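Residue-level structural notes
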Amino acid sequence: MSLIEFFSRNGRELSTLTLEHLFLVAVSTGIAILIGVPLGILLTRKPGLSKPVLGFANIMQTVPSLALFGFLIPLNIYFFHVKILGGIGARTAIVALVLYALLPIIRNTFTGISNVDPAIRDAGRGMGMTDRQLLFQVELPLALGVIIAGVRVATVICVGTATIAAAIDAGGLGRYIFRGLRANDNTLILAGALPAALIALGADLALGWLERVLQAGRGMRAPSKKVFATGALALVLAIAAGYFLVGKSASAIAVGSKDFTEQAILGEIVAQAIEGNTDLQVARRFDLGGNLAHEALAAGEIDVYVEYTGTALLAILKSRPLTDPKEVLRRVKDEYARRFKLEWTEPLGFNNTFAILVRGDDARRLKLKTITDAARVSAQWRAGFGQDFMSRADGYPGFAQTYGFHFQEIREMDLSLTYRALAEKQVDLIAGNSTDGLIPRYKLAQLEDDRRYFPPYDAVPVARQDTLGKHPEVRRVLERLGGILTVEEMRQLNYAVDGDKRAPRDVARDFLKRKGMIS
Amino acid sequence: MRPVQLRNSMTEASSAIEFRDVSFVLPGGRTLLADLNLEVREGETLVLLGRSGSGKTTTMKLINRLIDPSAGEVQVEGKRTVDWDPIRLRRRIGYVIQEVGLFPHLTVEENIGVVPRLENWPAERIRERSRALLALVGLDADRFAARFPRELSGGQRQRVGVARALAAEPPVILLDEPFGALDPITRREIQHEFKTLQQELKKTMVFVTHDIAEAFVLGTRVALLKDGRLILLDEPRALLRSPHPEARAFAECFTDAQNSGSHA
């Protein structure tokens, strides 16, 4: 699909995401100005503070944005019963963006004022201006061009960083970029990146023009105190309103999902099942990267999402790998109830574990059924593994040892590329995901884990205990979802989205109708 | 006025500004001014003459309390500067510095109106005052009021600077090398105009310069400074008769210039 075709088909979504993006940037830059300019002024009055403050702002800029988001989500800070910080969504994203935007604004305010000709400052003081009068009537007007230059840099930083905010459900053009990255779809990536670049360029040009006008000095007046105060107050109110409106929805149940195709489908299945069988409103907080979905659930930002038993055991509880599915489920159930007050409901029925895959015709020709069969004939084989599999506790080293593999060569590459590499005979064995839609598409065969090396990754909706207590109808819906999906069905659903480019929402609706869960 | 100050004003009724054993030492220990005793009489123009670094500007900044003395005391209108509210003190003292002192982001009219505006004069009165002052310093208000400083010549800027210092009718005016950056011809013109203005206004003025000719044109008395010390305080003519080497050095400049015919 060409980019123009994509835009014409998705015009409404594009404009929503663009507006979300502009909102994030405008609010963040606004707050950064309200904090950064006074702070920059303070530094010119107390030069001793300039090193620690600028140092802090400098360090904030070097913190990777995903790490900063992860750090902010578990926070739970209230101001008169109104949550002001923490959790997923636009608010946390705005806090992070403000931290990134502060440095250029503080620094330029500080240098702009410090660089005012000392003779001019002396003239003002000598004429009997108080410090405040000197600041508002002389220093700020003369430094305004430099301060605007700082705002310009901050804005461009915000436009760029706001794309990452999609990882914590803050919306914006980053959604397209993340979706595109996961689906290996360049059109989608461009659909997010191009408008974001245009916004950055537009903001840069507009503020650059303002900067030139102000630096030329012509027509620049110290705004009267009234105008100044009114402007500042309006800015504060608008930002406060925006900040607290964000994420305030009346809906009773928030369904989350992680940031890959299968999770988007499962999130839709859970959400639509609740919508179709209860009177509750459902909010979707999808595409949460890394462990953010778990943190959002624990923090009460969402009420339910689908987790995998093995992931909970290894990545959340940091336990040793275990291989008995029942034992694993029992462990995570107990630990989650005890540590997080979260409940594991009924397993959906499929196991999304590592799938050791070979080409279908190889399997037939060599009569391969189990991984042990493959280990016997693999002396001349090349293997292709994702970076993840090479490094994790239940990954390659234990796998090779358990089955006694000695490959001729191991290629480490992006997981999504290993399937094609296998189909095109560049490698002979890969470790994929058992539910991947590409397995039937490329006619691959999954070998049985006969020595039970891989932990089970059974998909199970995990919900907050208090939510289930308050809404027993939700518990009943989740129980009805138990055993609803086989591995083959999950592969088909995944392929319908990744291969046929259908929307997860539609795929989930068709599936639930077929199963008689909704009408 | 409080009684304790009344004593001062009775014994020295005619002094507008007085320095008593004043020293000024930088935090690093360098002495910029040592044991200065000096009196500026009401209505006179005292010229502070000296080379660069002799302490002229430091002396001036002590008067409007841009700096405080390290030792001794400075009195303005019989009251120690450290007892003055610095803001009130400065608004009673006009201040002209080299041409950079005009605010580049304000028009000529706004520059002149700065102190009246700080004093909350009504807008109409500020406007009238600005235009009257422009006329006084020889600038056509209709042509110049709305211009920005960078649209003026050096001489015009200096005239605006003087007008600005006069705006709130301060009894004392400080001028720190106000004509230093002008070409010699403009400089002579403006000196003579200023002389006329001075005779009209009869203000107390302290005028810093390193140009002895200027001291002769404008000074009622001259204070010669060298390395932070006062060497001579007398009427300008006395400078030519002084045996002190620094006075003779300045006197030679003056007579050289006259003999070569460049000065009338």
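Regarding the overall build of chain A
Each helix and strand counted, chain A has 24 helices and 12 strands in total. Counting across all 519 residues of chain A, residues that qualify as buried make up 45%. The long-range share in chain A, meaning contacts at least 24 apart out of those at least 6 apart in sequence, stands at 78%.

Here's the deal with the pairing of strand 6 (residues 93-96) of chain B
All names here are of chain B. Here strand 6 shows two buried faces, one formed by Ile-93 and Tyr-95 and the other by Gly-94 and Val-96. The sheet contact formed by strand 6 and strand 7 (residues 172-176) spans 4 bridges and is parallel. The residue of strand 7 that forms the bridge with Tyr-95 is Leu-174.

Things to note about the sheet that holds strand 5 (residues 79-80) of chain B
Residues and elements named next belong to chain B. The antiparallel open sheet is built from 4 strands, whose spatial order is 2-1-4-5. Every other strand in the sheet has two partners, leaving strand 2 (31-41) and strand 5 as the edge strands with one partner each. Bridge count for strand 1 (residues 15-25) against strand 4 (residues 71-76) is 5 bridges, and the pairing is antiparallel. Its bridge partner lying in strand 4, Arg-20 is registered against Glu-73.

Side note on the pairing of strand 2 of chain B
Residues and elements named next belong to chain B. Sheet topology places strand 1 next to strand 2; 7 bridges connect them, and they run antiparallel. Opposite Val-25, over in strand 2, you have Thr-31 as the bridge partner. Counted between consecutive antiparallel strands, the loop separating strand 1 from strand 2 contains 5 residues, among which Gly-29 sits at a positive phi close to 105°.

Some points on the interface of chain A and chain B
Every contact between the two is made by 17 residues of chain A and, on the other side, 16 residues of chain B. Contributing elements (two or more residues each) for the side of chain A that touches chain B: helix 6 (118-126) and helix 7 (131-161) of chain A. The leading source of residues in the side of chain A that touches chain B is helix 6 of chain A, at 6 residues. For the side of chain A that touches chain B, a count of residues per class yields 9 nonpolar, 5 polar and 3 charged.

Details of the sheet that holds strand 10 (residues 229-234) of chain B
All names here are of chain B. Across the sheet, which stays open at both edges, the 6 strands sit in the order 6-7-8-3-9-10 with mixed pairing between neighbours. Two strands in the sheet have a free side with no partner beyond their single neighbour: strand 6 and strand 10. Between one strand and the next, the sheet's axes are offset by a mean angle of 15°, whatever the strand orientation. Strand direction decides the pairing type here: strand 3 (residues 45-49) and strand 8 (residues 204-209), joined by 5 bridges, are parallel.

Here we look at the packing of helix 4 (residues 65-72) of chain A against helix 5 (residues 90-114) of chain A
Residues and elements named next belong to chain A. Where helix 4 contacts helix 5, the two axes come as close as 10 Å, and the packing angle between them is 130°. In terms of their interaxial angle, helix 4 and helix 5 are classed as oblique. Note on packing geometry: the crossing formed by helix 4 with helix 5 is right-handed. Where helix 4 abuts helix 5, its residues Ser-65, Leu-68, Phe-69 and Leu-72 lie against Thr-92, Val-95, Ala-96 and Leu-99.

Topic: the packing of helix 3 (residues 50-62) of chain A against helix 5 of chain A
When two helices pack together, their arrangement is given by the angle between their axes and by how far apart the axes lie. Residues and elements named next belong to chain A. Between helix 3 and helix 5, whose axes approach to 7 Å, the crossing angle comes to 145°. For the pair helix 3 and helix 5, the sense of crossing is left-handed. Residues Ser-50, Val-53, Leu-54, Ala-57, Asn-58, Met-60 and Gln-61 of helix 3 form the contact with helix 5, whose own contacting residues are Leu-99, Tyr-100, Leu-102, Leu-103, Ile-106, Arg-107 and Phe-110. Counted by class, the contact of helix 3 with helix 5 contains 10 nonpolar, 3 polar and 1 charged residues.

A word on the environment of Leu201(A)
Residue and element names in this part refer to chain A. Within the element layout of this structure, Leu-201 appears in helix 9 (residues 186-216). Residue classification places Leu-201 among the exposed positions, given that 12 C-beta atoms sit within 10 Å. Sequence separation between Leu-201 and Val-159 is 42 residues; the distance between their C-alpha atoms is 9.6 Å.

Side note on unusual backbone geometry
Positive phi is not limited to glycine here, since Lys341(A) has a value of about 55°. Tracing the backbone shows Lys341(A) in the loop between helix 14 (325-340) and strand 6 (342-344). One non-glycine residue, Asp227(B), lies in positive phi territory at about 50°. Structurally, Asp227(B) can be placed in the loop between strand 9 (221-226) and strand 10.

Let's talk about the environment of Leu447(A)
Residue and element names in this part refer to chain A. Structurally, Leu-447 can be placed in strand 11 (residues 444-447). Residue class for Leu-447 comes out buried when judged on the 20 C-beta atoms lying within 10 Å of it. Non-local contacts of Leu-447, meaning those with residues more than four positions away in its chain, are made with Ile-356, Val-358, Leu-368, Lys-369, Thr-370, Ile-371 and Ala-374.

Points about the environment of Arg382(A)
All names here are of chain A. By secondary structure assignment, the location of Arg-382 is in strand 8 (residues 382-385). For the pair Arg-382 and Val-427, spaced 45 residues apart in sequence, the C-alpha separation works out to 5.0 Å. If near-sequence neighbours (up to four positions away) are discounted, Arg-382 is found in contact with Phe-407, Gln-408, Glu-409, Arg-411, Val-427 and Asp-428.

Remarks on the nonpolar core
All names here are of chain A. Counting residues in hydrophobic clusters, the biggest one holds 184 residues, and the most contacted among them are Leu-24, Leu-97, Ala-101 and Ile-168. Here this core spans two domains, and each of domain 1 (3-245) and domain 2 (253-350 + 456-514) adds at least three residues to it. Beyond its immediate stretch of four places on either side in the chain, Ala-101 contacts Ser-28, Thr-29, Ala-32, Ala-154, Ile-157 and Cys-158. With 25 residues, the next largest nonpolar core counts Ala-355, Ile-371, Tyr-419 and Phe-454 among its residues.

Examining the confidence of the model for chain B
All names here are of chain B. Of all residues in chain B, 91% have pLDDT values of 70 or greater, and the mean over the chain is 85. Mean pLDDT across the elements of chain B bottoms out in helix 1 (residues 3-11) (43) and peaks in helix 4 (residues 108-112) (93). In the predicted structure, residues 1-13 sits below a pLDDT of 50 and forms 7 contacts with residues beyond four places in sequence or in another chain. Complex prediction metrics read pTM 0.68 and ipTM 0.81.

A short note on helix 14 of chain A
Residue and element names in this part refer to chain A. Helix length check: helix 14 (16 residues) gives 21 Å between terminal C-alpha atoms against 22 Å at 1.5 Å per residue, within 8%. What helix 14 keeps buried is the set Val-328, Val-332 and Tyr-336. Taken down its axis, helix 14 places every buried residue within 55° of arc, on the same side. Exposed residues on helix 14 whose side chains face more than 90 degrees from its buried face are Lys-326, Asp-334 and Arg-338.

Scoring rules and cut-offs
- Residues numbered from 1 in each chain as written.
- Chains lettered and ligands numbered in written order.
- Predicted model: local features only at pLDDT ≥ 70, side-chain atom pairs only at ≥ 80, totals over all residues.
- Helix = DSSP H or I, 4+ residues; strand = E, 2+ residues; numbered from the N terminus.
- Buried ≥ 20, exposed ≤ 12 C-beta atoms within 10 Å, placed from the backbone.
- Contact = placed C-beta atoms within 7 Å.
- Pairing = 2+ DSSP bridges.
- Nonpolar A, V, L, I, M, F, W, Y, C, P; charged D, E, K, R; others polar.
- Axes fitted to C-alpha atoms, helices over the stretch in contact; angles between N-to-C directions.
- Parallel < 35°, antiparallel > 145°, perpendicular 65-115°, else oblique.
- Left-handed = near helix turned anticlockwise from the far one by under 90°.
- Core = buried A, V, L, I, M, F, W, Y, C linked by C-beta atoms within 7 Å.
- Domains from an automatic or database assignment.
- pLDDT = per-residue confidence, 0-100.
- Expected span 1.5 Å × (residues − 1).
- Arc of directions from axis to C-beta.

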